[in-house]
Amino acid sequence: MSKVLLSDVCEISSGQPAPQKKEIFGDDGYPFIRAGSLEALIDGNGRTERILPQVGKELRLRLFPRNTILFAKSGMSAKIGRVYKLEEPSYVVSHLAAIIPHEDKIDPEWLKRWLEYNPPSRLIPNEAYPSIKLSEIAKLQLKLEAINRQKEISGFLKNADKLRQTHKEQLVLLDNYLKSIFFNMFGDPVTNEKDWPIEELKINAERICVAYVGPCNEFYTSSENGVPMIRTGNLKENRLDLSNLKYVTKEFHNKQKKSQLQEGDLLIARRGINGQAALVPRGIGVANALNIVIIRPDRKKYDPLFLSFCFNSKSNLFSLGNRLSGSTQNVINTRAIQDHKLIRPYLYLQNDFSGTVEKVEAIKQEMYESLTEMDNHFNALTQKYFG
């Protein structure tokens, strides 16, 4: 094993400014990778803009080879730490660092994994103005084993990661299965081809209000002494993600009564992914909420699980988004939710759908637990090889 600088085994470069004319981009040619493209590309569902080779030559764009490692070196994306290995030759925007491995010295897949474990974001000198100098990237130190051993390690990690990704894909398939059941039973909730009654939500809700809005840092405390504070970042489609919770003091919770949550409350994001709804699950206990719309449905009119899926349908979110098109801050308020019209199918059908959802969610919960074990195993492997 030998210690080397990254510049000893790679070419350290960066992309070029994006062409300004929209007509330059199309569906043919080589991909043009932007900083905003990385998330979708890493998730395996990215569709990038493309530039024809002859156009790229005319613009003097550099075509980076397959296996070049990309990560953001400037802007807020630099703080996130996404690392991507090119699957085909591509043009690259100037915000991205482009690391071209000398493949006789370092395995590209091994280097990608090393950078994931040792994120380049640690090189940012000032969090307020995130930027990473190429000269600092070049000085990164690595402990390199023989190239064959690097490939062996990257193979282990790739297989372990593939198992994780397969589990994640299965979870997505189950989500899509539930959506298809919803549309088979109830149709599109906006076009309403099944001719269900359509009513304003305020008629069928016990309560619609905005949770506490304001600074909260001074009220945060430890999990042992506090009450969970649900924020927009905890809202996922039809569920809460409780992996990154913050906690507020019990005194604050007791004072903010309108923000206190109950099982079956539907929580609506006011910013970000506008209108995305998450259901407060059973067993959450006491909890509060920050800058979120809270809907407490009338259980005689709506099953909460049905209402969550109805809200999160693409057509409903699009319809709700259109009502915000004139808003300067693009923030959902209680009036918009109160006046929003939704289908109201027979309650027994809503309950039937809810029963199916609960059975599938039980399967998903087992898969999430299995995925957690896989994540722990993967993290242990990366610690072993790169720690």
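These numbers come from a predicted model, not from an experiment. (Residues numbered from 1 in each chain as written. Predicted model: local features only at pLDDT ≥ 70, side-chain atom pairs only at ≥ 80, totals over all residues. Heavy atoms only, no water.)

*Asks:* Explain the overall build of the chain to me, and be specific about the residues and the numbers.
*Replies:* From N to C terminus, the chain includes eleven helices and 21 strands. With respect to the principal axes defined by its C-alpha atoms, the chain has extents near 70 × 55 × 40 Å. Looking at the chain as shown, the accessible area adds up to about 20500 Å², and 48% of this sits on carbon and sulfur atoms. Distance from the positive charge centre (54 side chains) to the negative charge centre (46 side chains) of the chain: 5 Å. (Helix = DSSP H or I, 4+ residues; strand = E, 2+ residues; numbered from the N terminus. Areas by Shrake-Rupley, 256 points an atom, 1.4 Å probe, with all protein chains shown as cover. Lys, Arg positive; Asp, Glu negative; His and termini not counted. Charge placed at Lys NZ, Arg CZ, Asp CG, Glu CD.)

*Asks:* Hey, could you go over unusual backbone geometry for me, with residue numbers and the actual values?
*Replies:* We note that Asp-195 has phi near 60°; this positive angle belongs to a residue other than glycine. The class for Asp-195 is exposed, based on a relative accessible area of 66%. Even without being glycine, Asn-291 reaches a positive phi, approximately 55°. (Buried < 20%, exposed > 50% of the residue type's maximum accessible area, 1.4 Å probe, protein only.)

*Asks:* Outline the packing of aromatic side chains, supporting the account with residue identities and numerical values.
*Replies:* Per the counting criterion, the structure on display carries 17 aromatic pairs. Considering the side-chain rings of Phe-186 and Phe-306, the 4.8 Å spacing of their centres and the 70° angle between planes classify their relative orientation as edge-to-face. Linking Phe-186 in helix H6 (residues 147–186) with Phe-306 in helix H8 (residues 304–312), this pair joins segments that are 120 residues apart in sequence. Residue Phe-186 is classed as buried on the basis of its relative accessible area of 0%. Taking relative accessible area as the criterion, Phe-306 reaches 0% and is therefore assigned buried. (Phe/Tyr/Trp six-rings, centres within 6.5 Å; stacked < 30°, edge-to-face > 60°.)

*Asks:* An account of the pattern of salt bridges is requested, with residue identities and associated values reported.
*Replies:* Tallied over the entire structure, the rule returns 26 salt bridges. With a shortest N-O distance of 3.0 Å, Lys-202 and Asp-339 are connected by a salt bridge. Here Lys-202 is found in the loop between strand S10 (198–200) and strand S11 (205–210), whereas its partner Asp-339 is found in helix H10 (residues 334–339), with 137 residues between them in sequence. By sharing partners, the salt bridges in this structure join Lys-85, Glu-87, Glu-109, Lys-112, Arg-113, Glu-116, Asp-161, Arg-164 and Asp-375 into a single network. (Salt bridge = Lys/Arg side-chain N within 4 Å of Asp/Glu carboxyl O.)

*Asks:* Could you give an account of the nonpolar core, naming the residues involved and the relevant values?
*Replies:* Leu-6, Leu-96, Ile-99, Leu-111 and Ile-137 are the most contacted members of the largest nonpolar core, which totals 53 residues. Beyond its immediate stretch of four places on either side in the chain, Ile-99 contacts Leu-6, Cys-10, Glu-11, Ile-12, Asn-67, Thr-68, Ile-69, Phe-71, Leu-111 and Ile-137. Grouped together as the second largest cluster of nonpolar side chains are 35 residues, Tyr-302, Leu-307, Cys-310 and Leu-342 included. (Core = buried A, V, L, I, M, F, W, Y, C linked by side-chain atoms within 4.5 Å. Contact = heavy atoms within 4.5 Å.)

*Asks:* Would you mind going over the pairing of strand S17 (residues 266–269) in detail, with residue names and values included?
*Replies:* Residues Leu-266 and Ile-268 line one face of S17 and the alternating positions Leu-267 and Ala-269 line the opposite face, and both faces are buried. Where S17 meets strand S18 (residues 277–279), three bridges bridge the pair, whose relative direction is antiparallel. Counted as the bridge partner of Ile-268 is Ala-277 from S18. When S17 meets strand S20 (residues 292–297), the two strands line up antiparallel, connected through four bridges. Across the sheet, Ile-268 pairs through a bridge with Val-293, a residue of S20. (Pairing = 2+ DSSP bridges.)

*Asks:* Got a sec to walk through the sheet that holds strand S6 (residues 84–85)? Specific residues and values, please.
*Replies:* Taking strand neighbours across the sheet as the criterion, the four strands line up as S2-S8-S5-S6 in an open arrangement whose pairing is antiparallel. Where the open sheet ends on each side, the last strands, each with one partner, are strand S2 (10–14) and S6. As judged from the five bridges shared by S2 and strand S8 (residues 96–101), these two strands associate in the antiparallel manner. Across the sheet, residue Ser-14 finds its bridge partner in S8, namely Ala-97. Sheet strands touched by helix H4 (residues 108–117): S2, strand S5 (69–72), S6 and S8. Its angle to S5, the strand with the most contacts, is close to 20°. (Axes fitted to C-alpha atoms, helices over the stretch in contact; angles between N-to-C directions.)

*Asks:* With reference to specific residues and values, describe the sheet that holds strand S7 (residues 91–92).
*Replies:* Read across the sheet, three strands follow the order S4-S3-S7 without closing on themselves; strand pairing throughout is mixed. The open sheet has two edge strands, strand S4 (49–51) and S7, and neither has a second partner.

Just geometry here; none of it tells us what the structure is for.
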